[in-house]
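# Architecture and fold: a report
Letter by letter, the chains look like this.
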Protein chains: 2
Amino acid sequence: MRFGNFNDTSREYVINTPRTPHPWINYLGTDGFFSLISNTAGGYSFYRDARLRRLTRYRYNDVPQDSNGRYIYIQERALSSGASLGKLKGEPWNPGWKPTKTELDFYECRHGLGRTTIIGEKNGLRATVRYLVPIGTNAELQELVLENTSKEEKAVCIHSFVEFCLWNALDDFTNFQRNLSTGQVEVEGSAIYHVTEYRERRNHYAFFWTDAAIAGFDSDRDAFIGRDGDFTRPAAVLQGASWNSIADGWSPVASHRIEWTLQPGEKKRAVFMLGYIENPQHAKWEKPGIVNKEKARTLQNRFSDPGAFQAAWDELTRFWDEKLSHFSISSGDEKLDRMANIWNQYQCVVTYNMARSASYFESGIGRGIGFRDTCQDMLGFVHLMPEKARERLFDVASTQFPDGGAYHQFQPLTKRGNADIGGNFNDDPLWLIIGVAGYLKETGDWDFLKESVPFDNNPANTASLFEHLKRSFHHVTNNLGPHGLPLIGRADWNDCLNLNCFSTDPNDSFQTSTNKDGKTAESILIAQMFLYAAPDYIEICKRLGDHEEARAAETAARTMETAILAHGWDGLWFLRAYDDASRKVGSAECEDGKIFIETQGFGAMALVGNDRGYPKQALDSVAKHLDTPHGIVILDPPYKEYHLELGEVSSYPPGYKENGGIFCHNNPWVMIGEVRIGRPDRAFEYWKKIAPAYREEISELHRMEPYVYSQMIAGKGSRRHGEAKNSWLTGTAAWNFVALSQWIVGVRPAFDGLIIEPRLPSHVKHAVIQRYFRGAHYHITVENRKNDGPIQLSVNGSLQAGTMVRAASPGSTVQILVTVG
Amino acid sequence: MRFGNFNDTSREYVINTPRTPHPWINYLGTDGFFSLISNTAGGYSFYRDARLRRLTRYRYNDVPQDSNGRYIYIQERALSSGASLGKLKGEPWNPGWKPTKTELDFYECRHGLGRTTIIGEKNGLRATVRYLVPIGTNAELQELVLENTSKEEKAVCIHSFVEFCLWNALDDFTNFQRNLSTGQVEVEGSAIYHVTEYRERRNHYAFFWTDAAIAGFDSDRDAFIGRDGDFTRPAAVLQGASWNSIADGWSPVASHRIEWTLQPGEKKRAVFMLGYIENPQHAKWEKPGIVNKEKARTLQNRFSDPGAFQAAWDELTRFWDEKLSHFSISSGDEKLDRMANIWNQYQCVVTYNMARSASYFESGIGRGIGFRDTCQDMLGFVHLMPEKARERLFDVASTQFPDGGAYHQFQPLTKRGNADIGGNFNDDPLWLIIGVAGYLKETGDWDFLKESVPFDNNPANTASLFEHLKRSFHHVTNNLGPHGLPLIGRADWNDCLNLNCFSTDPNDSFQTSTNKDGKTAESILIAQMFLYAAPDYIEICKRLGDHEEARAAETAARTMETAILAHGWDGLWFLRAYDDASRKVGSAECEDGKIFIETQGFGAMALVGNDRGYPKQALDSVAKHLDTPHGIVILDPPYKEYHLELGEVSSYPPGYKENGGIFCHNNPWVMIGEVRIGRPDRAFEYWKKIAPAYREEISELHRMEPYVYSQMIAGKGSRRHGEAKNSWLTGTAAWNFVALSQWIVGVRPAFDGLIIEPRLPSHVKHAVIQRYFRGAHYHITVENRKNDGPIQLSVNGSLQAGTMVRAASPGSTVQILVTVG
């Protein structure tokens, strides 16, 4: 069952009912100011840091769910006779249904790229509300167009509404003994300024403004909703009134009241703006105790121009036109194309921007930017905004320790490593190599390796980025366990496989508790990652002229492969790890958790033991033991009991999350492996199972947005097999885009150019791919005769040997014809 | 305007409308299991630690407000014809109005001591629900009695409801990527077991059970409320149905459905129980994967007995009868009596139990037990439960550092000092002396001083409690500033006067940021506290035979008084402090914050500079500059701007909290001072302004409960002068009880007995006081002729000199007649 449909032309998902199985959201903003917005206009805004600079209040896990947002209440009145306003008629309603939940005659929500449109019609009044954050502007704009579609003149009372958060989102809902006394506002004209704590250490404020003439306003929540009131039927709306209330402690909100009459067919328009302003310390005040509003007035003036909103809208269109021109495909399979061309790339950008901080599952207060996460996100993002990728990689590398280890997270505002979480996740260092290699292949920016980068943010201890990569590489070789395999530390990619934790206290964090010395438990995944990263690392060494290091790395890689072959193979699949007692994890001899996906996927990607047929055998075992109709589960069987020696992985109920859920993040590792061993149709089938556009038809079961990946789909061991969770912010987007664009579509950046090896599914006979790469444009036509057959390239009309097309000069266009099979 | 009335006989506040200006709450529980319950049955339960062991979910600052709780939904049906249930009739309603907010024909909430009764009647059905936590039992019981008051047979569909919290209250509303996958329940008969995380590291579970026959149940929130549903009109209630849903991830709840028919005049009864059970590790499971429910079944069996609920109710009555017999007065002023005999003492107990952790303003996740707070709370609590006071004082002293300083807070579960907050609040050590002295005077338990108590919880470093007091005393003398006055450290009693903080970053905590070396800023309050504590300390030293220390302490006190007289007097009042630049704080020469209450109150209590008339002059300045119709503000004028050198005190909007609010906590210091200088009527007038029973008539303005003190009432500098905030958990209760019982009523424990010095207000001509002290009973009759006149005591019929009555032998009764004036 679907709840909407894709519009590939407008690049939107068009939702046709407010009663989606879960709030389906979108993100507004491209730089510092971001908003989350659901299909019923729920959500919130923040500036840069979702915890420390939260602008509006949002209650997670609320009842009724998702009923905090930016809302427009519309209430019809009788036409006035004389000076006073007419009596209210009928029920108040919202264009997005919530929070009044008054039934609408028509409803539509169009989530597009960085913008959302919500249309609601009721009793001859049609409201179209467009939302966006203009590029380069610290404000969310809401444009309301209200049309009288009836044959009679109508009078309407409109209330706008937002609720302010007192900046620090965690403090905002914990520290009431202070916070209920601090709220302050100023009101000037139609602008309601939220200035809580501005009088002390803050130099920023927010405002909510409209270009429309207002009949009144409210800034005190209790005044607006009434005692014991709620957002469903606020007192102000119910009474068609406003009290010009000035918030003073308690909860500052902002609501305008607008009174309009509309002739039949007439449209009226209002723009609302939630803006964020910072002032320098010396210019905080206009006069004593009065906030300096100059910058806010400038912004308000700009959007008082009737064309300004549309101009911002058009600029955003152009922004995405340009970004998405870097990669696109026309394959004849519309779902493949819409994922590849629009939604997967869009999600990669959002994930980069949010860095796991703020979704409808990530509350925005929990964590910093992940070292490992960011390096992976890079892989799906670097072709879109390489300059931002470079900046982020620099920040990430700056939190590395001199020994090559790394803080597991760093804070977005300070860019410093998060000491509370610390380090010792032993896969982290290798992700830096993989991320930097991805960046180099996309950009050819070899100078980046010579850049001076601090260790642990200490400007007195810096080294070249290349030296950072060396430390990364040797952090693995310097931390080997009893089998010559890498010690796992607190965890590797699977944060929940905690082999040194041994926690019995429910108040411990599994990720930060360590009760073992860490000298025994080993990760076969890290060993495979080492082999996966080694060829690129060796090539980098050679190109920088460090042949001694290249030779040492080659030796280290051979030694590591020998160790895996000797101790990492279980007979029919790769082992996952050795625990603190050197017992096997992920072996046929285990009672539960006999087989894990990660080492089958990474082992196949890295072609470990290829001459012995291990990758193919491992992937056959995946198909046999882990595959389901909804994707590949992370392990099987799920752990029935808590295992002290395994940690969080065994803490989840069977079939959920790391205990046997379908982790969409590592399904693509298997897909890539399948392509590498020559089974492209299998790869595609795996992808279809988890790709949201293909799951759209089962939205009732899947529940999450059908336009973005979720982190997890409940596995076969659960009661709710097929139900997705944790949508939007997940490394899933990046790895699926890598699998899809680089291995299935098969256009893959290399150090010297583009490798063109399409392994499209059999049903795609003909495809055209557009790729913008290092300033040149590649127009690639694929004839897909037999998708596991040999590949022949013709470049600008000339046949060429091999599949690597050297980077063309910037500005040029390269025509490529590819014949497969 | 009132919203109810006191019933002094039943010791209840009887609320007659659910539309109170704010939720008016009560506390259930005397030991480990506690519940908060509002007048509309909102609130939550926890076991020992409101953060780490939260049993039910509560959303603070919610909209609609206070709509999470234990709810009973009642919905009438047509009488059934045949086997199937009759159709639903009318609206569903709750006895406590919320969450349906269906208008009731009758409503009443009776908040008593550790128990609450809510009565709602609608359309010929009268529901009486009684709530309590039985003594010694880890469960909240709810007894519903439903009576058909009509003349017709009636059929009703009843839904019970609670929503479980996933144990850790902070994690519960921040970590959704995990928590929405972990929820688990088991259901057996009419018991719904909340077993989330029991399969891993928890050995505790909760359950919600009823003794009634059930027609169905639900344990999944979305099933119960319906998609996009809410607690106002849950789908199950609207449909008169239940789905026997089993929660699996998302949000576990518990709801029973009961179908009853009632003849005219018939009553039916059901008991519901929210229980908490811990199992030993070896007995966690009944069989593989099935939770061991033996203890729960035992508890359920106990309350299946129809008399068990009433027995628990009666036991609680006896418990409070006994406690409140320790002190009572009959004065003829009913407000005075109800505060002194019931509500002030009750609040002292609740404050002791909660230790500032969980109220409708304290979210239960923010903090541990305060060192200073607990020592003050002791003063109002020790006469009720001296054995608990001893235990808590031991815990407090165990977090002291070897140098006499102290952790500012410690954690209730671990009893360890909170390293995140740290120490260096330089008044803390003196509070230990004041608290221990209070305990000694009440109990005569001198052996306590010889008890071996660790420093910083280190069993390898212990000393006698007396030695701890010594370290406390000399922590002051070892930390003196340029004027010979005590260095203030991070803050003294006023946590917001941060003279070494100098913070410009809004993300800093004012309490933990220190940017100065702390070698300059001095506190006159600590100096006065030193003089206040010195006589008791000296006496303790003498009685323990340490005359050398006694002499040293006398010298130190004289030196300190000299320093105050030289540098702590501003001409018309006491200075408050010297800042980091040695500038005066709280001086006529300051632009704002010219005069502070703390040093006037403590200075007068300690009679500092009495021969120069300073106490009287200081209190006259209080009357002139700080007194208002709603109490005495903390300082005046409020700070208009943020002062980097003063910290948080200047961060609040003028008139709120520490920036010019009425801190009910230190008003009693002024009252005690007024008694000491001979102006008892003034003392009483000050008390009346803030005492809740006297403010009952202005509940519309005051807003908080009229039966307990609030921390603050908005001061004259604010827009909402007279509005209270932060009710219940505040040291206010203890200090007011000290002022009232020891100085106004004038029965004051001393080291050797009871001092009897009534300074009752003039309008009280005759009073009888009952006091239980060290096992003996004192029956005190007061003739109050002229309340500032001389006092004459007759003890057991014999006139005696002085006002100190030596402690009588346990079991004896002492008859005292006091003539005043």
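Just so it is clear, the model here is predicted, and its values are computed rather than measured. All residue numbers refer to position in the chain's written sequence, counted from 1. Think of it this way: whatever chain is written first is A, whatever ligand is written first is 1, and the rest follow in order. Local features in a predicted model are, by the rule used here, given only for residues with pLDDT of at least 70; side-chain atom pairs are given and counted only at 80 or more, and totals for whole chains, interfaces and linings are based on all residues. Hydrogens are left out, water is left out, and the side-chain values use all remaining heavy atoms of the structure.

## Digging into the interface of chain A and chain B
The following threshold applies: Contacts were defined at the residue level, with two residues in contact if any of their heavy atoms lie within 4.5 Å. A simple way to read buried area is as the amount of 1.4 Å-probe accessible surface that goes missing from two parts once joined, with both sides added. Should a side-chain nitrogen of Lys or Arg be within 4 Å of a carboxyl oxygen of Asp or Glu, the pair is scored as a salt bridge.
With 83 residues of chain A at the contact, the number on the chain B side is 82 residues. Across the chain A/chain B interface, buried area totals approximately 6900 Å², and carbon plus sulfur atoms make up 47% of it. It is R199(A), R201(A) and D228(A) in chain A that bury the most area against chain B; as a group they hold 13% of the surface buried on that side. Here chain A is connected to chain B by 14 salt bridges.

## Here we look at the relation of the copies chain A and chain B
Heads up, the rule is: Fitting of the copies onto one another was done by least squares over C-alpha atoms, counting residues only where both copies have pLDDT of at least 70.
Between the two copies, chain A and chain B, the superposition gives an RMSD of 0.0 Å; the rotation angle is 180 degrees and the shift along the axis is 0.0 Å. Between the two chains, the operation in question is that of a two-fold axis. In this assembly the copies share their binding face: 99% of the residues contributing to the interface of chain A also contribute to that of chain B.

## Considerations on the sheet that holds strand β34 (residues 662-663) of chain B
All names here are of chain B. Applicable threshold: Here, any two strands with at least 2 DSSP bridges between them count as paired. Labels follow the DSSP assignment, with helices taken as runs of H or I lasting at least four residues and strands as runs of E lasting at least two, numbered in each case from the N terminus.
Taken together, the three strands give an open sheet; going across it, the order is β34-β35-β36, and neighbouring strands pair in antiparallel fashion. Each having just a single partner strand, β34 and β36 (724-727) make up the two edges of the open sheet. As judged from the three bridges shared by strand β35 (residues 710-713) and β36, these two strands associate in the antiparallel manner. Among the inter-strand pairings, I713 is bridged to a residue of β36, identified as A724.

## As for the nonpolar core
Our working definition: What we call a nonpolar core is a set of buried Ala, Val, Leu, Ile, Met, Phe, Trp, Tyr and Cys residues that are connected through their side-chain atoms within 4.5 Å. Each residue is placed in one exposure class: buried if its accessible area under a 1.4 Å probe, protein chains only, is under 20% of its type's maximum, exposed if it is over 50%, and partly exposed if it falls in between.
Counting residues in each nonpolar core, the largest one holds 251 residues, and the members touching the most others are L336(A), W687(A), Y778(A) and I816(A). In terms of residue count, the dominant contributor to this core is helix α12 (residues 524-543) of chain A (13 residues). Residues within four places of Y778(A) in sequence aside, it is in contact with L754(A), I769(A), Q770(A), R771(A), F773(A), V805(A), R806(A), A807(A), A808(A), V814(A) and I816(A). Ranked by size, the runner-up nonpolar core spans 250 residues in total, among them F34(B), L104(B), L141(B) and W735(B).

## Considerations on the environment of P692(B)
All names here are of chain B. Along the chain, P692 falls in helix α18 (residues 692-695). Note: C-alpha distance between P692 and P234 (458 residues apart in sequence) is 37 Å. In this structure P692 touches M339, E705, P706, Y707, V708 and Y709, once residues within four positions along its chain are discounted.

## What about the packing of aromatic side chains?
Any aromatic ring pair is given by two values, namely how distant the centres are and how the planes are angled relative to each other. Threshold: Aromatic pairs are defined between Phe, Tyr and Trp rings, using the six-membered ring for Trp, whenever the two ring centres lie within 6.5 Å; interplanar angles under 30 degrees are classed as stacked, those over 60 as edge-to-face, and all others as tilted.
Within the structure shown, the criterion is met by 107 aromatic pairs over all chains. Consider the rings of F327(A) and F737(A), whose centres lie 5.4 Å apart with planes at 80 degrees: the pair is edge-to-face. Taken together, the positions of F327(A) in strand β22 (residues 327-330) and F737(A) in helix α20 (residues 732-744) put the pair 410 residues apart, joining distant regions of the chain. Here the two residues F327(A) and F737(A) agree in accessibility, since each one is buried. Relative to W24(B), the ring of F3(B) lies with its centre 5.8 Å away and its plane at 85 degrees, an arrangement referred to as edge-to-face. One end of the pair, F3(B), is in the segment before β1 (4-7); the other, W24(B), is in the loop between β2 (12-15) and β3 (25-28), with 21 residues separating them in the sequence. Of the two residues, F3(B) and W24(B), both sit in the buried class.

## Here's the deal with the sheet that holds strand β15 (residues 191-194) of chain A
Residue and element names in this part refer to chain A. What counts, and what does not: For helices, the fitted axis covers only the stretch in contact; all axes are lines through C-alpha atoms, and the angles between them, taken along N-to-C directions, range from 0 to 180 degrees.
Judged by pairing direction, the sheet is antiparallel, and its 10 strands sit side by side in the order β1-β2-β9-β10-β11-β12-β19-β16-β15-β14 without closing on themselves. The open sheet is flanked by β1 (4-7) and β14 (185-188), the only strands paired with a single partner. For this sheet, the mean angle separating the axes of adjacent strands, direction not counted, is 15 degrees. Pairing of β14 with β15, which is carried by four bridges, proceeds in the antiparallel orientation. The partner of V187 across the bridge, within β15, is I192. Taken strand by strand, helix α5 (residues 294-304) contacts β12 (139-148), β14, β15, β16 (204-210) and β19 (267-278), and its axis lies near 30 degrees from that of β16.

## Things to note about helix α8 (residues 371-381) of chain A
Where burial is concerned, most of α8(A) is hidden: 11 out of the 11 residues are buried. Buried within α8(A) are the following residues: F371(A), R372(A), D373(A), T374(A), C375(A), Q376(A), D377(A), M378(A), L379(A), G380(A) and F381(A).

## Quick look at the pattern of salt bridges
For the structure shown, the criterion picks out 145 salt bridges over all chains. Here R126(A) makes a salt bridge to E121(A), at a shortest N to O gap of 2.9 Å.

## Details of the packing of α8(A) against α20(A)
Residues and elements named next belong to chain A. Selection rule: Put simply, a crossing is left-handed when the front helix is turned counterclockwise from the back one by less than a right angle, and right-handed when it is turned clockwise. We call Asp, Glu, Lys and Arg charged. Ala, Val, Leu, Ile, Met, Phe, Trp, Tyr, Cys and Pro are nonpolar, and the rest, Gly among them, are polar.
Remark: α8 packs on α20, axes separated minimally by 8 Å, with the N-to-C direction vectors making an angle of 35 degrees. In terms of crossing hand, the pair formed by α8 and α20 is left-handed. Of the residues in α20, those touching α8 at Q376, D377, L379 and G380 are A734, W735, F737, V738 and Q742. Looking at side-chain class alone, the contact of α8 with α20 contains five nonpolar, three polar and one charged residues.

## With respect to the state of the cysteines
The following threshold applies: Two cysteine sulfurs form a disulfide in these notes if their separation is within 2.5 Å.
Counted according to the given criterion, the structure contains zero disulfides over all chains. Between C590(B), a cysteine without a disulfide, and C496(B), which holds the nearest cysteine sulfur, the sulfur-to-sulfur distance is 18 Å.

## Some words on the side chain of R201(B)
The criterion, for reference: Counting of polar contacts relies on pairs of N or O atoms within 3.5 Å, with two restrictions inside protein: one atom must be capable of donating a hydrogen and the other of accepting it, and residues adjacent in sequence are counted only when both atoms are side-chain atoms.
Its location among the elements puts R201(B) in the loop between β15 (191-194) and β16 (204-210). On the basis of relative accessibility, which here comes to 10%, the residue R201(B) falls in the buried class. Among the polar contacts listed, one links the side chain of R201(B) to the backbone oxygen of D505(A), at a separation of 3.1 Å. Polar side-chain contacts of R201(B) include one of 3.1 Å to the side chain of E200(B). Other than its neighbours up to four places away in sequence, R201(B) contacts S503(A), T504(A), D505(A), P506(A), D508(A), F510(A), Y642(A) and K284(B).

## Brief notes about helix α11 (residues 465-477) of chain A
The condition that has to hold: A helix is expected to reach a length of 1.5 Å times the quantity of its residues less one.
Compared with an ideal rise of 1.5 Å per residue, which puts 13 residues at 18 Å, α11(A) spans 19 Å between its outermost C-alpha atoms and is within 8% of the ideal. Listing the buried residues of α11(A) in full gives L465(A), F466(A), H468(A), L469(A), K470(A), S472(A), F473(A), H475(A) and V476(A).

## Side note on the confidence of the model for chain A
In plain terms, the rule: Within a predicted model, pLDDT stands for the predictor's per-residue confidence, ranging from 0 to 100.
Of all residues in chain A, 100% have pLDDT values of 70 or greater, and the mean over the chain is 96. Overall fold confidence for the complex sits at a pTM of 0.96, while the interface term, ipTM, reaches 0.96.

## Some thoughts on the pairing of strand β25 (residues 452-455) of chain B
Two faces make up the sheet, and in a regular strand the side chains alternate between them. Residues and elements named next belong to chain B. Relative to strand β26 (residues 458-464), β25 is paired through four bridges, and the arrangement is antiparallel. When the sheet's bridge partners are listed, F455 is paired in β26 with N458. Taken together, β25 and the strand that follows it, β26, pair antiparallel across an intervening segment of two residues, in which D456 is found at a positive phi of about 50 degrees.

## Let's talk about unusual backbone geometry
If a residue is not glycine, its phi is most likely negative; likewise, a peptide bond is most likely trans. Of note, the bond from K98(A) into P99(A) is cis; its omega dihedral lies within 30 degrees of zero at -5 degrees. By the secondary structure assignment, P99(A) is in the loop between β8 (88-93) and β9 (106-112). Backbone torsion omega between D636(B) and P637(B) reads -15 degrees, so that peptide bond is classified as cis. With respect to the helices, strands and loops of the structure, P637(B) is situated in the loop between β33 (635-636) and β34.

## Details of the pairing of strand β10 (residues 115-122) of chain B
All names here are of chain B. Of all eight residues making up β10, seven are buried, and the element is well covered by its neighbours. As consecutive antiparallel partners, strand β9 (residues 106-112) and β10 are separated by two residues, and within that stretch G114 has a phi angle of approximately 70 degrees, a positive value. Sheet analysis places β10 next to strand β11 (residues 125-132), joined by eight bridges and oriented antiparallel. Residue pairing in the sheet places T117 in a bridge with R130 of β11. Connecting β10 to the next strand, β11, in antiparallel fashion are two residues, including N123 with a positive phi near 50 degrees.

## Concerning the environment of K594(B)
Residue and element names in this part refer to chain B. For K594, the location among the structural elements is in the loop between β29 (584-585) and β30 (595-596). K594 sits 45 residues away from Y639 along the chain, and the two C-alpha atoms are 9.6 Å apart. Apart from residues no more than four positions distant in its own chain, K594 is found in contact with W573, G586, S587, A588, D636 and P637. Of note is the side chain of K594, whose polar atom sits 2.8 Å from the backbone oxygen of C590.

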